[in-house]
Amino acid sequence: MTVDRPVDTEPDQSALDQPALDQPAAATRPDRPSAPPLTANAGPPRQWSPLTTRPAGFDWPSEVDRAGRDLLLDLFGPDPEVRVEMWDGFILGPDTSTKVVIRSPHALRRALFHPGELGFARAYVAGDVEIDGDVFAALALRERIARLRPSPAAVRALAVLVRQFGPRPPQPPPEEARMRRRGRQHSRSRDAAAISHHYDVSNDFYRLVLGPSMTYSCAVWDSPATRLTAAQTAKHELVCRKLGLRPGERLLDIGCGWGSMALHAAHHHGVQAVGITISAEQAAEARRRVTEAGLEDRIEIRLQDYREITDGPFDAISSVGMVEHVGRAKLPIYFDNLFHLLRPGGRLLNHGISFPGDPVGAARGRPRLGPLPLPRDADFLHRYVFPDGELHEIGALVTLMQAGGFEVRHVENLREHYALTLRAWVTNLENRWDEAVALVGAGRARVWRLYMAGSALSFEAGRSQIHQVLGVRPDSGASHQPLRPSY
């Protein structure tokens, strides 16, 4: 049974308000009908159609067309789950409403030079491939691409494309991050560059995608029918309750984003909040929102690295969506810093994406962190979305927290909640696609569509997880925790 799940795309009012009725925005193109509501198990509504004609000025020889057909059959087989169309009209698969359109031989060049996820992603970001309809259904083709092995057909196709276009692969789209020139990994300067690549895009773009709460982390859903704004408010409230916040206490919010957590905690729990970020655009927008809410006397937003905080102690620390940016090698330093910034009895709530380890032994040959295999290098995510981002297995993370002095009191997995959140963000983006392209360009809008849809599928399949871990700095053996939690 499916339930209609509306999402939030109305103009930003305040992170503190929870509208009584949130109406999803209509598609921005007046010549297209309004989108049907998204259901819990369905993909996003179809909002546009790709260009199906060959780009002007290109007239590829017939042997290029034949090589393309051979390679498509090699990639997808004769019966892919969704319709696949080539630039010359060649079609594979059933007559589905979702179509993957290969608009140029350059898409196949990218797939041949970089088989698997990266080649397909580059082709999509560059516009050599178009996904029309349900992006979630189209991404099922990833499994076929991942199984690609060299074959006589692929070798012949590559030879034809090399003769036509030369031996070098196409240049990556300009949206790809270039981090090697930025210094040592997880140095302060390189961390700042990595954060800037992802977050200093456009505050208006993030407002369009995230909705009025401007919260870029997993929401907490009572049901799939919950509004996105209400689900994000529930997440902030859950963090505050786990931290046991009381009026007058000092809260440090590390990786504060656009200030939503600090705004909620100050407004609803009366704390004095300090939010830190190393994104200049986030800091500017967070300060604007604090002023708009009239909470300048309770909230301070700093452009500051976590290694630079010296004004503890704090009563509580929230770290929401921050640990993924820290890096495995820096986690002991991270938790040591947070431990010493807390007063005895103070609490830390760490909310972050994790990977599930290897319960069936399928990754015996992969690099390991102690007894645990490390996740596969996600080329697309690292190059386009989260440069230098690293995920941690939850058991290893708990071990490192406790090694840093924390007593871990509660662990909660919210992976289904993040899948719902990501699907809502994809719908927001697609419903206002033209506005998004005007703000950040077609390539970057495509990056976000692909990454959010792929991430939603990863959470739904259990390949990604997200945990909230509550730790306390012991006070001479006392935890100051209730005998039974109220959250």
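Just so it is clear, the structure is predicted and the values come from calculations on it, not from any experiment.

Draft legend 1. Structural detail: the overall build of the chain. Secondary structure summary: the chain contains 17 helices and 14 strands in total. Out of the 487 residues in the chain, the part that is buried amounts to 57%. Of the roughly 20,500 Å² that the chain leaves accessible, carbon and sulfur atoms contribute 52%.

Draft legend 2. Seen up close, the confidence of the model for the chain. When pLDDT is averaged along the chain, the result is 82; 77% of the residues meet or exceed 70. Of the regions scoring below 50 in pLDDT, residues 1-53 engages in 129 contacts with residues more than four places distant in sequence or in other chains. Taken as a whole, residues 366-377 scores under 50 in pLDDT and shows 24 contacts with residues more than four places along the chain or in a different chain.

Draft legend 3. Layout of the sheet that holds strand E4 (residues 129-132). Read across the open sheet, the 4 strands follow the order E2-E1-E3-E4; overall the sheet is mixed. Both edges of this open sheet fall to strand E2 (91-92) and E4, since each of them pairs with a single strand only. Note: strand E1 (residues 83-86) against E2, 2 bridges, orientation antiparallel. Each residue of the ladder has a partner; that of Glu 85, found in E2, is Ile 91.

Draft legend 4. Geometry of helix H16 (residues 433-440). Of all the positions in H16, only Trp 433, Ala 436 and Val 440 are classed as buried. Viewed along the axis of H16, the buried residues span an arc of 60°, placing them on a single side of the element. On its buried face, H16 sits against helix H8 (203-210), helix H15 (415-431) and helix H17 (442-461). Just downstream of H16, Gly 441 is the residue with a positive phi angle, here 90°.

Draft legend 5. The environment of Ile 353, seen in detail. Topologically, Ile 353 is positioned in strand E9 (residues 342-355). Dropping the residues within four chain positions of it, Ile 353 is found in contact with Glu 324, Leu 391, His 392, Tyr 418, Phe 459, Gln 465 and Ile 466.

Draft legend 6. Broad picture of the nonpolar core. Of all hydrophobic cores here, the largest spans 78 residues; its most connected members are Leu 72, Ile 102, Phe 380, Trp 425, Leu 429, Trp 448 and Met 452. In terms of residue count, the dominant contributor to this core is H17 (10 residues). Non-local contacts of Leu 429, meaning those with residues more than four positions away in its chain, are made with Phe 205, Leu 208, Val 209, Ala 436, Ala 445, Trp 448, Arg 449 and Met 452. The next biggest cluster of nonpolar side chains, apart from the first, holds 26 residues, and it includes Leu 331, Tyr 334, Ile 394 and Leu 397.

Draft legend 7. Quick peek at helix H10 (residues 260-269). The element H10 is extensively covered by neighbouring structure, given that 8 of its 10 residues are classed as buried. Looking at the buried side of H10, the elements it contacts are helix H9 (228-243), strand E5 (250-254), strand E6 (272-277), helix H11 (280-293), strand E7 (299-303) and strand E8 (314-320). A positive phi of about 70° marks Gly 270, the residue just after H10.

Draft legend 8. Spotlight on the packing of aromatic side chains. Throughout the structure, instances matching the rule amount to 14 aromatic pairs. Seen in terms of ring centroids, Tyr 216 and Trp 425 are 5.4 Å apart; in terms of plane orientation they differ by 55°. Their pairing is tilted. Here the residue Tyr 216 occupies a position in the loop between H8 and H9, and Trp 425 occupies one in helix H15, the gap between them amounting to 209 residues. Assessed through its relative accessible area of 15%, Tyr 216 is described here as buried. Among the aromatic residues, those joined into a ring-pair cluster are Phe 205, Tyr 206, Tyr 216, Trp 258, Tyr 418, Trp 425, Trp 448, Tyr 451 and Phe 459. Arg 250 extends its terminal NZ or CZ atom over the ring of Phe 314, reaching a point 4.1 Å from the ring centre. A cation over a ring is seen here: Arg 446 above Tyr 124, with NZ or CZ 4.9 Å from the ring centre.

Draft legend 9. Summary view of the side chain of Thr 277. Relative to the assigned elements, Thr 277 resides in strand E6. Apart from residues lying up to four places away in sequence, Thr 277 is in contact with Cys 256, Gln 282, Ala 283, Arg 302, Leu 303 and Gln 304.

Draft legend 10. Representation of the pairing of strand E14 (residues 465-472) within the structure. Of all 8 residues in E14, 8 are buried; the element is thus mostly enclosed. Of the two faces of E14, the one holding Gln 465, His 467, Val 469 and Gly 471 and the one holding Ile 466, Gln 468, Leu 470 and Val 472 are both buried throughout. In this sheet, E14 lies alongside E9 in antiparallel orientation, the contact comprising 8 bridges. Counterpart to Gly 352 in the pairing with E14 is His 467. As paired strands, strand E13 (residues 407-413) and E14 are joined by 6 bridges and run antiparallel to one another. Bridge pairing in E14 places His 410 opposite Leu 470.

Draft legend 11. Up close: unusual backbone geometry. A cis geometry characterises the amide bond from Gly 312 onward to Pro 313, with omega recorded as 5°. Summarising the element assignment, Pro 313 is placed in the loop between E7 and E8. In this structure, Ser 476 is a non-glycine residue whose phi angle is positive, near 50°. Mapped onto the secondary structure, Ser 476 falls in the segment after E14. You can call Ser 476 exposed: its relative accessible area is 80%. The backbone of His 480 shows a phi angle near 55°, a positive value even though the residue is not glycine. Mapped onto the elements of the fold, His 480 is located in the segment after E14.

Reading guide: rules and limits
Residues numbered from 1 in each chain as written. Predicted model: local features only at pLDDT ≥ 70, side-chain atom pairs only at ≥ 80, totals over all residues. Heavy atoms only, no water. Helix = DSSP H or I, 4+ residues; strand = E, 2+ residues; numbered from the N terminus. Buried < 20%, exposed > 50% of the residue type's maximum accessible area, 1.4 Å probe, protein only. Areas by Shrake-Rupley, 256 points an atom, 1.4 Å probe, with all protein chains shown as cover. pLDDT = per-residue confidence, 0-100. Contact = heavy atoms within 4.5 Å. Pairing = 2+ DSSP bridges. Arc of directions from axis to C-beta. Core = buried A, V, L, I, M, F, W, Y, C linked by side-chain atoms within 4.5 Å. Phe/Tyr/Trp six-rings, centres within 6.5 Å; stacked < 30°, edge-to-face > 60°. Lys NZ or Arg CZ within 6 Å of the ring centre and 35° of its normal.

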